[in-house]
Every structure is written in structure tokens, then in C-alpha cells.
Amino acid sequence: MNSHVVTISRFLIDEERRHPEATGNFTSLLHDIALAAKLIGREVNKAGLVDILGAAGDENVHGETVQKLDQFANDVIYRALDHTGLVACMASEENAGFIPIPDKFPAGDYVVIFDPLDGSSNIDVNVSIGTIFSIHRKISDGERGALEDCLQPGSRQVAAGYVLYGSSTMLVFTSGAGVHGFTLDPSIGEFLLSHPNMRMPEPPAKVYSVNEAYYRRWTTGQQRLVSHLKNEGGFGSRYIGSFVADIHRILLQGGLFMYPSDDKNPSGKLRLLYEAAPLAMVVEQAGGRASTGSMDLLDVEPVELHQRTPIYMGSRAFVDLAEAMLAEGGG
Ligand code: AHG
Ligand code: MN
Ligand code: MN
């Protein structure tokens, strides 16, 4: 038994000692997010059973309405944070507007923006899915948060990360001092440090990740880029269709993830605030790069909560190559 068991709390307390300016509030906030991850993971891991139970009608055997897991995950994260006094406001893929903290609770300095369940179309086929979170500091003058607190560029994030509900449940996050991965030990209900200081490998695996069904809708530059990768470039291809799972693989092995714009989605499909920007911070903190195809993704100034952005993310050299070829070929 490894005596040196490092939980998230222990890791963050050690981090606080290294960064005197850090307050215990961030530790407490991340602890609350980890609790939400455990609760969501428990439901995700029995999703198949719930479906069987739920298939008897709209109610399961306990007489509860079978909630969509997206909505369930959304509620779990909201309830884990709304009463803490640490959060000024939130925003979620599942809520049209920004989410204020109820007047009955004190508001705090952090802004938490999240995709409660990413890749949810994969639940029914038991493919890995995730949760993505982005943490900013409140910038508005008022006592309690406002929409402008949510519309900050990715470069202003104080922390970001994801939970991957896969063969094991992992929580991976950065607070600007490297990327650290924790694996849930269900026997004790704790996330334990399993991947300290995650760095993208050099040389990276020559693997690209994109949904090629949309090839005809791409720009000429995008078409030329993918043709180059698979022909002269000698790249392999892997695409899970869960952003968190695709990026986790690229963090560990290297590669290039693309979700390009196309003639139906001029800004692509994935959303800036709670999908692209948080994972861009993680990838860049691990030594990779994240671009819209023409600029650093973390520099995009948001104007709308659910705005979309094209994404080129992964090993630095591959993102640089993508930008160069898109610039040439009328990308
Ligand atoms: P969500 O389930 O939160 O809507 O996200 C799904 C996203 C992302 O996880 C994945 O990369 C992308 O959808 C796949 O889209 P395509 O099916 O168009 O390839
Ligand atoms: Mn998503
Ligand atoms: Mn989602």
C-alpha cells in the first residue's frame, strides 16, 4: 500500500503553502466540484440500469421521474456550489442565461462556467463522457455576480479542468501551475493524485481527431489540411465524439483535435466558454497549443454566453501546421 496517498485536498493544501497568496477558498471550491463529480459519476456508471428501470415508463421503480443525465448533472453542480458563499454567479450549457446566486445565500468571488455532461449522446452506448469547468474571478462592481463576469477571455481563467467518466473516473485540472490528474478510488470515495504535472509528450503521436463526415462542408484549406495529414503526413485517425475523451487522449499521447467551421456552422459546433476555453487552458498548461485556426483561442473576447468557436487543439507543432495551411488555402 503506497503510504504516500495524495488526495485533492492534500495536494491543494501543499499548493497553498507554495503560493502564499492562495486562499483556502479555491481549495474549498475545487473540493465542491470534486464532490459533484463523484455524484455525477455514480449516476453515469449506472446509466444503463436507470434506462432499463426508466424504460418501464417515465418513472423508475422509486416513483421518481427519470431525469436526463444532462439535467441531473446540471442540478448536482448547481447545488454543490450555490450555498458555499464562494461563487458570485455561474453559467452552464444547460441554462440560457447566466445563473445568479439566490439572495438567501452569500455570494463570493469566483465565477464557475460549466458543461455538466459533455458527449451525452454517447451515454446510451457506454462510451466515455465528461464534465468541463472553467473558473474566473468576479470583475463586476456589484455585490453579486453579473453577466459580464461570465464574458471573460480564456486567458483570464484562474483555473479550468474536466472530469472523465471512463474506465475510471478522473479529475484533471490546472490553476496555472501545471496540469494534475486525480483518479477516483471508489473504495474510499477519494480522488487520488495519479498523474502529477501532466506534459504533452515529445515527439507527439501523429494522430488527428476530426469528424470527417463533414468533409464536403469544409473550406478548401481545411480539406487540404486533412488530406495532407492522412497522405504525406502519415497520420492515423482517432475520433471518439466526446470532446473530453478526445482531448484526454491527446494530452497523454499527443495529436491534433479539430472541430472546424463549415458551411452550416460558420463558427463550428463547440462552445467557447464551457468547452473550448477551459480545455485550451489545460492543453496550453501541459505544453500544447489551442487556436481558432487563425488566433490563440484563449485570446477570444466572448460577447455571448453560448457562442461557438472553431477549435484546433493539441501538440504545438500540429496546431502551428494547421494555422499555416489554413492561411494558405483560403481556410
Ligand atoms: P455535448 O454533449 O455537451 O453537447 O457535447 C458534444 C460535443 C463534444 O463532446 C464532441 O466533441 C462533439 O459534440 C461531437 O460532435 P459531432 O457529433 O458533430 O462530431
Ligand atoms: Mn459539450
Ligand atoms: Mn453538454
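Residues numbered from 1 in each chain as written. Chains lettered and ligands numbered in written order. Predicted model: local features only at pLDDT ≥ 70, side-chain atom pairs only at ≥ 80, totals over all residues. Heavy atoms only, no water.

1. Side note on helix H1 (residues 8-18)
Step number 1: Those residues of H1 that fall on the buried side of the exposure criterion are Ile8, Phe11, Leu12 and Glu15. Taken around the axis of H1, the buried residues stretch over an arc of 95°, which confines them to a single face.
Step number 2: Tucked inside the fold, the buried residues of H1 contact helix H2 (24-44), strand S6 (169-174), strand S7 (179-185) and strand S8 (190-195). (Buried < 20%, exposed > 50% of the residue type's maximum accessible area, 1.4 Å probe, protein only. Helix = DSSP H or I, 4+ residues; strand = E, 2+ residues; numbered from the N terminus. Arc of directions from axis to C-beta. Contact = heavy atoms within 4.5 Å.)

2. Some remarks on the side chain of Arg271
Step number 1: Mapping Arg271 onto the fold places it in the loop between strand S11 (256-259) and helix H8 (272-285).
Step number 2: In this structure the side chain of Arg271 is engaged in a polar contact, spanning 2.5 Å, whose partner is the side chain of Glu93.
Step number 3: The contact partners of Arg271, leaving out residues within four places of it in the chain, are Glu93, Ala276, His306, Gln307 and Arg308. (Polar contact = N/O pair within 3.5 Å; in protein donor to acceptor, adjacent residues only side chain to side chain.)

3. Some thoughts on the packing of helix H6 (residues 220-230) against helix H9 (residues 316-328)
Step number 1: Contact pair H6 / H9: the axes reach a minimum separation of 8 Å and the direction vectors enclose 135°. Classified by the angle between their axes, H6 and H9 sit oblique to one another. When you trace H6 past H9, the crossing you get is right-handed. Contacts between H6 and H9 involve Gly221, Gln222, Arg224, Leu225, His228 and Leu229 on the former and, on the latter, Leu321, Ala322, Met325, Leu326 and Glu328. (Axes fitted to C-alpha atoms, helices over the stretch in contact; angles between N-to-C directions. Parallel < 35°, antiparallel > 145°, perpendicular 65-115°, else oblique. Left-handed = near helix turned anticlockwise from the far one by under 90°.)

4. Let's talk about the packing of aromatic side chains
Step number 1: Within this structure, the stated rule accounts for 10 aromatic pairs.
Step number 2: Pairing Tyr214 with Tyr259 gives two aromatic rings, centres 6.3 Å apart and planes at 50°, and the pair type is tilted. Of the two residues, Tyr214 sits in the loop between strand S9 (207-209) and H6 while Tyr259 sits in strand S11, which places them 45 residues apart along the sequence.
Step number 3: On the numbers, 4.8 Å between centres and 65° between planes, the contact of Phe235 with Phe318 is edge-to-face. Taken as a pair, Phe235 in the loop between H6 and strand S10 (236-237) and Phe318 in helix H9 lie far apart in primary sequence, 83 residues in all. (Phe/Tyr/Trp six-rings, centres within 6.5 Å; stacked < 30°, edge-to-face > 60°.)

5. Examining the coordination of the manganese ion (ligand 2)
Step number 1: Listed as protein donors to the manganese ion (ligand 2) are Asp115 (OD), Asp118 (OD) and Glu275 (OE); their distances from the metal cover 1.9 to 2.2 Å.
Step number 2: Donor residues for the manganese ion (ligand 2), ordered by position in the chain, follow D-x2-D-x156-E.
Step number 3: Between the manganese ion (ligand 2) and the manganese ion (ligand 3), both coordinated by Asp115, there is a metal-metal distance of 3.6 Å. Taken together, the residues span a long stretch of sequence, with Asp118 in strand S3 (residues 110-118) and Glu275 in helix H8 at a distance of 157 residues. Taken individually, Asp118 and Glu275 each receive the classification buried, so the pair is uniform in this respect. (Donors = N, O, S within 2.8 Å, 3.2 Å for Na, K, Ca; no water.)

6. Describing the pairing of strand S5 (residues 159-165)
Step number 1: Burial runs high along S5: seven of the seven residues are buried.
Step number 2: Taking every second residue as pointing to the same face, both faces of S5 are buried, with Ala159, Gly161, Val163 and Tyr165 on one and Ala160, Tyr162 and Leu164 on the other.
Step number 3: Bridging between strand S4 (residues 129-137) and S5 involves seven bridges; their strand directions are antiparallel. Residue pairing for S5: Thr131 is matched across the bridge by Val163.
Step number 4: In the sheet, S5 pairs with S6 via six bridges, with the strands oriented antiparallel. Within S6, the position partnered with Val163 by the bridge is Leu171.
Step number 5: Linking S5 to S6, which pair antiparallel, is a turn of three residues. (Pairing = 2+ DSSP bridges.)

7. Concerning the sheet that holds S6
Step number 1: Reading across the sheet, the eight strands line up as S2-S1-S3-S4-S5-S6-S7-S8 and stay open at both edges, with mixed pairing between neighbours. A single partner strand is all that each edge strand has here, and the edge strands are strand S2 (99-100) and S8.
Step number 2: The sheet contacts of helix H4 (residues 69-81) involve strand S1 (87-92), S2, S3 and S4, and relative to S3 the element is tilted by about 155°.

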